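# Notes for the structure review
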Amino acid sequence: MTKILVTGALGQIGTELAGELAARYGKSSVLISDVRKPQSFAGELEFVGLDVTNPDAIGSIIAEHGITDIFHMAAILSASGEKNPALAYRVNSDGTFNILEEARKAGVRKVMIPSTIGVFGAETPRINTPDITVLRPTTMYGITKVNAELLALYYRDRYALDVRGLRFPGIISYLTPPSAGTTDYAVDIFYHAVQGKDYQCYLKKDTALPMMYMPDALHSLVKLFEAKGDKLRHCLEYNVSAYSFTPEEIYGEIREVYPEFRITYEPDFRQKIAETWPASLDSHFAREDWGFAPEYDLKHTVQDMIQNLRKILVHQ
Ligand code: AKB
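Residues numbered from 1 in each chain as written. Predicted model: local features only at pLDDT ≥ 70, side-chain atom pairs only at ≥ 80, totals over all residues. Heavy atoms only, no water.

What follows deals with the packing of helix H8 (residues 247–257) against helix H11 (residues 298–314). Remark: H8 packs on H11, axes separated minimally by 10 Å, with the N-to-C direction vectors making an angle of 55°. If you check the angle between H8 and H11, you find them oblique. Of the two elements, H8 crosses H11, and the hand of that crossing is right-handed. Residue-level inspection shows Ile 250, Glu 253, Ile 254, Glu 256 and Val 257 of H8 in contact with H11, the latter providing Leu 298, Lys 299, Val 302, Ile 306 and Arg 310. Partitioning the contact of H8 with H11 into residue classes produces six nonpolar, no polar and four charged. (Axes fitted to C-alpha atoms, helices over the stretch in contact; angles between N-to-C directions. Helix = DSSP H or I, 4+ residues; strand = E, 2+ residues; numbered from the N terminus. Parallel < 35°, antiparallel > 145°, perpendicular 65-115°, else oblique. Left-handed = near helix turned anticlockwise from the far one by under 90°. Contact = heavy atoms within 4.5 Å. Nonpolar A, V, L, I, M, F, W, Y, C, P; charged D, E, K, R; others polar.)

Next up on the list: the pattern of salt bridges. Close approach of charged atoms allows side chains with opposite charge to pair. Here the structure, examined in full by the defined rule, presents 15 salt bridges. For the salt bridge of Asp 162 with Arg 164, the shortest nitrogen-to-oxygen distance reads 2.9 Å. Taking the relative accessible area as the measure of exposure, Asp 162 reaches 25% and is therefore partly exposed. Salt-bridge contacts for Lys 299 lead to Glu 253; the nearest nitrogen and oxygen are separated by 2.8 Å. On the criterion of sequence distance, the pair formed by Lys 299 in helix H11 and Glu 253 in helix H8 is long-range, its members being 46 residues apart. Salt bridges sharing partners connect three or more residues here, namely Arg 233, Glu 288 and Asp 289. (Salt bridge = Lys/Arg side-chain N within 4 Å of Asp/Glu carboxyl O. Buried < 20%, exposed > 50% of the residue type's maximum accessible area, 1.4 Å probe, protein only.)

Neither face of strand E1 (residues 4–7) is open: one carries Ile 4 and Val 6, the other Leu 5 and Thr 7, and all of them are buried. Pairing of E1 with strand E2 (residues 30–34) involves three bridges; the strand directions are parallel. The residue of E2 that forms the bridge with Val 6 is Ile 32. Once you follow E1 into helix H1 (residues 12–25) and on to E2, the crossover reads as right-handed. (Pairing = 2+ DSSP bridges. Right-handed = clockwise from strand over helix to strand, strands pointing away.)

As far as domains go, the chain holds domain 1 (4–169 + 213–239) and domain 2 (170–211 + 243–279 + 296–314). Distance between the C-alpha centres of domain 1 and domain 2: 25 Å. Listed per partner, the contact involves 29 residues of domain 1 and 30 residues of domain 2. Of the roughly 2400 Å² buried between domain 1 and domain 2, counting both surfaces, carbon and sulfur atoms make up 63%. It is Gln 12, Arg 126 and Tyr 213 that lose the most area in domain 1 upon contact with domain 2, and together they represent 35% of the buried surface on that side. Summed over the shared surface of domain 1 and domain 2, the result is 12 residue pairs in polar contact (both at pLDDT 80 or more). (Domains from an automatic or database assignment. Buried area = accessible area lost by both parts, 1.4 Å probe. Polar contact = N/O pair within 3.5 Å; in protein donor to acceptor, adjacent residues only side chain to side chain.)

Put into structure tokens, the structure is as follows:
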């Protein structure tokens, strides 16, 4: 019997992940949770309110629902974290500690925790960044995610808790708009293009960042979850990305479909964050250890995004 708790299930990745897990393991095998209340939830999965800064609440939910595995998606991302660093610390560091500790006490089988390219910093090699390298981030988000990576190692080595995760790049998706990250421009730009609006980009035109399309992000999480444990050389330190591009490059791709589309550049505080992150990642550990193999290249991502956003936005 599998019963998976998804924290942060109303976020950009959590929303789609819950559906993917339900499709794979059955609706009754998934319990979604978030600190916010759902307006509506496609697929009608069972929902429970959960603030991950409250360890007792986590413990009760695990016990009451017989939770066997956890996907811990709740997090405050890079841009929001800079606006409220104390909240980012509480949710990302205390929240992750609480999840690991309650999982350990209850004998949960597996805990999945996504990490991020936010763990890297200005001293990290920017091109083809390896998994094991200098981690000196300058954002609260990055600091708390390095903390999560180290906690995961600690719980694995000290308590034999099976903790797994990967370092996500920017994720492109159309279902739940992101609103709190540095890589969000790569989603916003599509919304503007499809709605016939000009776009003002908060990054400089030549800022390259690694990225990936949501279906590949979801498949990666599930693949890693199902991988044989003895094949895994890392805990959360698996870099994954499908491609890298700059704002000017993605703009060029979108203009092939919308030749009238215009972009201007007005860099803000997120430019400084992006400059400390890798331009490209070395994902070979993920490929070798658990078969990471993204299917969408940039052209297919752009086509699919536009097709789906047209359906959603044009018919609103
Ligand atoms: C962000 O921009 O903060 C996130 C991330 C790369 O983790 N999308």
